[in-house]
Amino acid sequence: MTLHFFNTYLLSFLFLSCQQDYGQLTVIANTGDILKENSGIQTISPHGLIWAIGDSGNKDHIYGFDHKGSLVREIKLKNAKNKDWEELAKDGDGNLYIGDFGNNDNKRKDLRIYKVFNPEMINADEATAEKIEFYYPEQKKFPPKKKHRLFDAEAFFFWNGNFYIFTKNRAKPFDGTTLLYRVPAVSGRHEAQFISSFKTCGHDRKCTVTAADISPDKKKIALLSHDKVWLLSNFTGDDFFNGDVKRIDLGYDSQKEGICFINEDTLYISDEKTGKLGGNIYRLRL
């Protein structure tokens, strides 16, 4: 082997070994330097900004990124305190909804959803949010016993005048159960209505539901975990688990907490930045 060939081989090996394998995901943007704890993403229009939020400890702001990861808009919200913002949803008019329902210890009695009027229709750097409150009637103690800690949440979407919330399982022992609740998308304090439940899988880190969205044609629902997507289809009414469930293994494990449909066949997925890794927005072709 000549020295020149050896050097070329060595450089190629080092270059390839430094590349991150993202499995089925393609990186389209990195937002980690601005928003390390990206806990939810949403687009109002397919080619518009990618809106994002941070979770507990971050500002009471929403951020609008372009599809290369550059920050274009930052809007401070009034009447909206970031106790634990975990998810973004949208309605047909482009209004955004922030799920302030992170509840790791199952102790919260102040679960909220904030409505933000379509930010692409205003030019101001401040906006006033409307507050919607709810509670789970099945939760009687705060916190309940460890085996009943099913009332954390990081996933919801808007459909047909209601929010649909998928809980994040914090129970011990863990069995993968997520509960599906419905909450009216109007101001007031509401009793969440239990609809059904579903068991994802048995690994307590890789099988918790961390985000959700519904497709533009309302025929598919995507649920996210750190390394998987569950795709729900052919359901009847709003018992979304009564149809077909397809599991998609992403081939890349990270702290993924945001998901949204761009069209019927494309998802965007985001993860938090951990050390030098993550902080990305990815594309997944279905």
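Cut-off values and rules
Residues numbered from 1 in each chain as written. Predicted model: local features only at pLDDT ≥ 70, side-chain atom pairs only at ≥ 80, totals over all residues. Heavy atoms only, no water. Helix = DSSP H or I, 4+ residues; strand = E, 2+ residues; numbered from the N terminus. Buried < 20%, exposed > 50% of the residue type's maximum accessible area, 1.4 Å probe, protein only. Pairing = 2+ DSSP bridges. Axes fitted to C-alpha atoms, helices over the stretch in contact; angles between N-to-C directions. Phe/Tyr/Trp six-rings, centres within 6.5 Å; stacked < 30°, edge-to-face > 60°. Contact = heavy atoms within 4.5 Å. Polar contact = N/O pair within 3.5 Å; in protein donor to acceptor, adjacent residues only side chain to side chain.

(A) Structural context of unusual backbone geometry. For the peptide bond that leads from phenylalanine 142 to proline 143, omega is 5°, which places it in the cis range. Along the chain, proline 143 falls in the loop between strand 10 (130-135) and strand 11 (152-159). Following lysine 172, the chain continues to proline 173 via a peptide bond in cis, the omega torsion being 0°. Here proline 173 lies in the loop between strand 12 (162-168) and strand 13 (177-184). Located in the positive-phi region is asparagine 160, a residue other than glycine, with phi close to 55°. Turning to its location among the elements, asparagine 160 is positioned in the loop between strand 11 and strand 12. The class of asparagine 160 is exposed, set by a relative accessible area of 61%. With a phi close to 65°, lysine 218 is a non-glycine residue in the positive phi region. Note on placement: lysine 218 falls in the loop between strand 16 (211-214) and strand 17 (220-224).

(B) Geometry of the sheet that holds strand 13. Pairing is antiparallel across the open sheet formed by four strands, whose spatial order is 11-12-13-15. Looking at strand neighbours, the two that pair on one side only are strand 11 and strand 15 (193-199), the edges of this open sheet. Across the sheet, the axes of successive neighbouring strands diverge by a mean angle of 25°, strand direction being ignored. Sheet analysis places strand 12 next to strand 13, joined by five bridges and oriented antiparallel. Each bridged residue has a counterpart across the sheet, and for phenylalanine 166 the counterpart in strand 13 is leucine 180.

(C) Focus on the packing of aromatic side chains. For the coordinates displayed, the defined rule picks out 23 aromatic pairs. Ring plane angle 55° and centroid distance 4.8 Å describe the contact between tyrosine 136 and tyrosine 181, whose orientation is recorded as tilted. One end of the pair, tyrosine 136, is in the loop between strand 10 and strand 11; the other, tyrosine 181, is in strand 13, and 45 residues separate them in sequence. For the pair shown, tyrosine 136 and tyrosine 181 are each scored as buried. Taking the centre distance of 5.9 Å and the plane angle of 50° together, the rings of tryptophan 159 and tyrosine 164 count as tilted. A relative accessible area of 2% means that tyrosine 164 is categorised as buried. Aromatic ring contacts, followed pair by pair, group Tyr97, Phe101, Phe134, Tyr136, Phe151, Phe156, Phe158, Phe163, Tyr181 and Phe194 into a single cluster.

(D) Seen up close, the sheet that holds strand 3 (residues 50-54). Taking strand neighbours across the sheet as the criterion, the five strands line up as 2-3-4-5-9 in an open arrangement whose pairing is mixed. Among the strands making up the open sheet, the edge pair consists of strand 2 (38-43) and strand 9 (126-128). Averaged over all neighbouring strand pairs, the angle between strand axes comes to 30°, with direction disregarded. The pairing of strand 4 (residues 61-65) with strand 5 (residues 71-78) spans five bridges and is antiparallel. Its bridge partner being in strand 5, tyrosine 63 is matched across the sheet by glutamate 74.

(E) Broad picture of the environment of proline 46. By secondary structure assignment, the location of proline 46 is in the loop between strand 2 and strand 3. Sequence separation of proline 46 and isoleucine 262 is 216 residues, and the distance between their C-alpha atoms is 5.4 Å. Not counting residues within four places of it along the chain, the set of residues in contact with proline 46 comprises His67 and Ile262.

(F) Representation of the side chain of asparagine 162. The topology assignment puts asparagine 162 in strand 12. Asparagine 162 sits in the buried class, given a relative accessible area of 17%. Within the structure, asparagine 162 has its side chain in polar contact with the backbone oxygen of asparagine 160 (distance 3.3 Å). Those residues in contact with asparagine 162, other than ones at most four positions away along the chain, are Phe157, Arg182, Val183, Pro184 and Ala185.

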